[in-house]
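Descriptive analysis of the structure
What follows is the residue order along each chain.
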Amino acid sequence: LPYIKNETFSAFMNTAASQLPAFKSCGDKLHYQNNTVLIGDAIHTMNPYYALGLNYALEDIEVFDASLDLSNGKLDDGLSRYSSVRGPDTRSLVQLLYNAYRPGVKGYILSELPLLMD
């Protein structure tokens, strides 16, 4: 590798493996005042094995856009609507994925049973 120094390559190879992100949700309030809104991994971290991160980030944007449309130009209302709709959805998603990641029968029951009953 002509562009990577041996020391740099050795340091990379000797770096300890890092942990995958934990399944977490930031809570139900997904905005701050009138100038900040959280989407994507900022509100829901998940294991990359499910390949859902980008899909849910795009869904966050869709829900945020719809919330602004329904707010009749009132930014406060749009942000509050986004948080009230997406916050509980995000919490449920993270719990479902956390349960699915558990090994064995308990993980299967906790992840699949709610889907079957829905």
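Residues numbered from 1 in each chain as written. Predicted model: local features only at pLDDT ≥ 70, side-chain atom pairs only at ≥ 80, totals over all residues. Heavy atoms only, no water.

1. As for the pattern of salt bridges
Side chains bearing opposite charge may pair, as long as their charged atoms lie close to each other. Per the stated rule, a full pass over the model turns up 3 salt bridges. With its nearest N and O atoms 2.7 Å apart, the salt bridge here joins Arg86 to Glu59. Of this pair, Arg86 sits in helix 3 (residues 75–101) while Glu59 sits in helix 2 (residues 53–70), and the two are 27 residues apart along the sequence. Judged by relative accessible area, which is 2%, Arg86 ranks as buried. Through salt bridges that share partners, Glu59, Asp60, Arg86 and Asp89 make up one connected network. (Salt bridge = Lys/Arg side-chain N within 4 Å of Asp/Glu carboxyl O. Helix = DSSP H or I, 4+ residues; strand = E, 2+ residues; numbered from the N terminus. Buried < 20%, exposed > 50% of the residue type's maximum accessible area, 1.4 Å probe, protein only.)

2. A word on the environment of Lys29
One can find Lys29 in the loop between strand 1 (24–25) and strand 2 (31–32). For Lys29, a relative accessible area of 54% translates into the label exposed. As for Lys29 and Gly87, which are separated by 58 residues in sequence, their C-alpha atoms are 6.3 Å apart.

3. Brief notes about a nonpolar patch on the surface
Taken together, the side chains of Tyr3, Ile4, Phe9, Phe12 and Met13 make up a nonpolar region of the molecular surface, amounting to roughly 650 Å² of accessible area. Along the chain, Phe9 falls in helix 1 (residues 6–13). (Patch = residues over 30% accessible without salt bridge, like charges linked within 9 Å, V, L, I, M, F, W, Y side chains within 5 Å. Areas by Shrake-Rupley, 256 points an atom, 1.4 Å probe, with all protein chains shown as cover.)

4. Structural notes on the confidence of the model for the chain
Across the chain, the average pLDDT comes to 78, with 75% of residues at or above 70. Confidence scores differ between elements of the chain, with helix 4 (residues 104–117) showing the lowest mean pLDDT of 68 and helix 2 the highest of 90. (pLDDT = per-residue confidence, 0-100.)

5. Digging into unusual backbone geometry
Here the phi dihedral of Asn72 falls at roughly 55°; this positive angle occurs in a residue that is not glycine. For Asn72, the position within the fold is in the loop between helix 2 and helix 3.

6. Observations regarding helix 2
In this model, helix 2 (18 residues) spans 26 Å end to end at C-alpha, consistent with the 26 Å of a helix rising 1.5 Å per residue. Taken as a whole, helix 2 has its buried residues at Ala57, Asp60, Val63, Phe64 and Ser67. For helix 2, the buried positions fall inside an angular range of 120° around the axis, keeping them on one side. Exposed and oriented more than 90 degrees from the buried face of helix 2 are Leu54, Glu62, Asp69 and Leu70. (Expected span 1.5 Å × (residues − 1). Arc of directions from axis to C-beta.)

7. Looking at the packing of aromatic side chains
Two measures describe an aromatic ring pair: the distance that separates the ring centres and the angle between the ring planes. The tally for this structure, following the rule as stated, stands at 1 aromatic pair. Judged by centre distance (5.3 Å) and plane angle (75°), the rings of Phe64 and Tyr82 are edge-to-face. Here Phe64, found in helix 2, pairs with Tyr82, found in helix 3; they are 18 residues apart in sequence, far enough to count as distant. For Phe64, a relative accessible area of 18% gives the class buried. (Phe/Tyr/Trp six-rings, centres within 6.5 Å; stacked < 30°, edge-to-face > 60°.)

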